[in-house]
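Coordinate analysis (summary)
Listed here are the chains, written in short residue letters.
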Amino acid sequence: MSSSHTDCHFCLQPLRGRKYALREENAYCVPCYDSLYANPCQECKQPIECNSKDLAYKGRHWHERCFRCAKCSRSLVEKPFAAKDEVLLCTECYSDEYSSKCFHCQKTIMPGSRKMEFQGSSWHESCFVCQYCRQPLGTKPLITKDNENYCVPCFEKQFAQHCYACKKVITSGGVTYHDQPWHKECFVCAGCKTQLSGQRFISKDEYPYCVDCFSRFYAKKCAACKKPITALGGAKYISFEKRQWHGECFNCAKCSVSLVGQEFLTRQDDILCHECGPV
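Residues numbered from 1 in each chain as written. Predicted model: local features only at pLDDT ≥ 70, side-chain atom pairs only at ≥ 80, totals over all residues. Heavy atoms only, no water.

Taking an unreviewed UniProt entry as the reference, the chain is identified by name as Four and a half LIM domains protein 5 belonging to Vireo altiloquus. UniProt annotates the chain under Function (unreviewed entry) with the comment "May be involved in the regulation of spermatogenesis. Stimulates CREM transcriptional activity in a phosphorylation-independent manner." (UniProt positions renumbered as here; feature names shortened; annotations may be inferred.)

The next thing to look at is the pattern of salt bridges. On inspection of all chains with the given rule, the structure shows three salt bridges. When the shortest N-O distance is used, the salt bridge between Arg-74 and Glu-92 registers 3.8 Å. With Arg-74 in the loop between strand E4 (60-63) and strand E5 (81-84) and Glu-92 in helix H2 (residues 91-98), this pair connects stretches of sequence that are 18 residues apart. Assessed through its relative accessible area of 45%, Arg-74 is described here as partly exposed. The partner of Glu-125 in a salt bridge is Arg-114, and the shortest N-O contact between them spans 3.0 Å. Here Arg-114 lies in the loop between H2 and strand E7 (115-118) and Glu-125 lies in the loop between strand E8 (121-124) and strand E9 (142-145), a separation of eleven residues in the sequence. (Salt bridge = Lys/Arg side-chain N within 4 Å of Asp/Glu carboxyl O. Helix = DSSP H or I, 4+ residues; strand = E, 2+ residues; numbered from the N terminus. Buried < 20%, exposed > 50% of the residue type's maximum accessible area, 1.4 Å probe, protein only.)

Along the chain, Gln-135 falls in the loop between E8 and E9. A relative accessible area of 46% places Gln-135 in the partly exposed class. Sequence separation between Gln-135 and Gln-42 is 93 residues, and the spatial gap between their C-alpha atoms is 46 Å.

Since the α-helix advances by 3.6 residues per turn, residues separated by three or four positions end up pointing in the same direction. Listed as buried for H2 are Thr-91, Cys-93, Tyr-94 and Ser-95. Elements that come into contact with the buried residues of H2 comprise E5 and strand E6 (87-90). (Contact = heavy atoms within 4.5 Å.)

This paragraph deals with the domain arrangement of the chain. Domain parsing of the chain yields domain 1 (174-217) and domain 2 (221-276). Between the C-alpha centres of domain 1 and domain 2 the distance comes to 31 Å. (Domains from an automatic or database assignment.)

All right, on to the environment of His-246 then. Relative to the helices and strands, His-246 is located in strand E18 (residues 243-246). Relative accessible area serves as the criterion here: at 14%, His-246 is assigned to the buried category. Taking C-alpha positions, His-246 is 86 Å from Asp-85, a pair spaced 161 residues apart along the chain. Beyond its immediate stretch of four places on either side in the chain, His-246 contacts Cys-222, Cys-225, Lys-227, Pro-228, Ile-229, Lys-236 and Ile-238.

See the structure below:
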């Protein structure tokens, strides 16, 4: 075999005055080159001759005339296209068949454009914005209300409750007292500052107090046992001449019989039943 370009490297026929192709510095006549190296067209199955343009995509080859949309037959040469199950489609046909619809504008999300997904639905990137400030949400934290998405600052500004005590946003949980929202950690006894969420408490002048503090600061003292009368839980008490008694303490000072609902007599600071009282 000759190393010059005067003869075909394969069939050894003279190349003088004939078209030829080079491969790895060797010259081949066109028939030999095509039979040895031409790729078969994916569409028509015929070899793509060396004098034809070979269009390749993911290891497959097409004649320029065969590189078309499988649905509408429009040429895909130098046009955007998409592949589905190894079938080539123009972007319009692909969109009609397979593309998602934007949850906001209901228009097709074209192949190649950025798509945002949230709660099982898809958006154009330009449609996935805060309902209030209209800024793109992208991958920022967001809150959904009535099927509308909000960035966290806008949601807090528009909808979030603010603690009556510290005025900061209540992001979760919270306590309602006198129709006002409170953080659990802010809802404390006005006296000792113990957290009252989930605890028994008593209101005084619109402030909450734990039972101990209310008893210490405000509860009347029983004339008999000297302990506070809180009336917590609906306990009954008796009042007489600016003095008060627990129901269970309102007894005859001499014989200890209960005087609740009974007639009684007084002697100095004592209360007595008729049997024990002075004749």
